[in-house]
Structures are given as structure tokens and as C-alpha cells.
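# Descriptive structure summary
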Amino acid sequence: MTEGFMGPPWQMDWRTDARVSFEALPDYAREIVLAARAELVTAKDPYFRGIDADAGLPEGMRVVPGRSTDPGGRHICFFDSGYGWLKYSFVRRTEDPQIVVEEFFWQEAEPIAPFPAEP
């Protein structure tokens, strides 16, 4: 054990239903989720608090509190330009701090269809 509060990289645990959803994804989609996961587990503060705290995140990714009245509670990490999200909580324990993914969602973007030709 170490003395005091541990820092990143954080551990990440998934609820069973969120893990099953993640594992059902195609390989290329899993890579997108793993990139978002990498940003969360290496962040100094997984809740990205403060002004422009998430400015260093990759394009198409942002983190917001689940409720504005509870900034220390569940957060939502949107990734893939909003086509997917992780709802997670950060358990700030001295000995074993970790991120717990409570819900997971991703939907592949549909290609933009051209307008039908006039008859």
C-alpha cells in the first residue's frame, strides 16, 4: 500500500451489463471506446472540473456532470462526436480509487443519403 491518495492511471471497473454491451461491439468501435477509456484513466481529475478542464480532450469527446446540482456525482463522457457515451462515477478511495462505468451506449452513425432524384 502507498501512503496518501493515489493518482492516475486510475483503475476502471464496468458493471456487467455495460461490459456485455462493450464486448458486443465490432472491433473498430471497441477501439473508439478504448481511446475514450484511455483519456479517462489517465486524467488528473476524471471529472474534468473547472473552466475548460476538458479542453485537452480529443475532438468529438467531452465530459459533463450527469446533474448540474451534483458536480461530484455521476458524469457522462460523450465520445465519437456524441454517437456514444459512458456514464461513470469516480470512487475516490485512498487505497484503491477507481472509475466505475455504470452505463455504456454507442450507435454507429448512419451515412448521409443523397436526396432522391426527381421523376
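In this report, the structure presented in the accompanying data block is examined. Every value quoted in this text rests on a predicted model; they were computed, and no experiment measured them. (Residues numbered from 1 in each chain as written. Predicted model: local features only at pLDDT ≥ 70, side-chain atom pairs only at ≥ 80, totals over all residues. Heavy atoms only, no water.)

### Concerning the pattern of salt bridges
For the structure on display, the rule yields seven salt bridges. Here Arg-30 ties to Asp-27 by a salt bridge, and the two come within 3.4 Å at their closest N and O atoms. Separated by three residues within a single helix, Arg-30 and Asp-27 lie in helix H2 (residues 27–42), roughly one turn from each other. A residue is classified by how much of its surface remains accessible, and Arg-30, at 24% relative accessible area, is partly exposed. Exposure remark for Asp-27: the relative accessible area of 55% places this residue in the exposed category. Among the salt bridges present, the one from Asp-70 reaches Arg-67, with a minimum N-O distance of 3.6 Å. Asp-70 gets classed as partly exposed once you look at its relative accessible area, which sits at 31%. Note on Arg-67: relative accessible area 52%, which makes it exposed. (Salt bridge = Lys/Arg side-chain N within 4 Å of Asp/Glu carboxyl O. Helix = DSSP H or I, 4+ residues; strand = E, 2+ residues; numbered from the N terminus. Buried < 20%, exposed > 50% of the residue type's maximum accessible area, 1.4 Å probe, protein only.)

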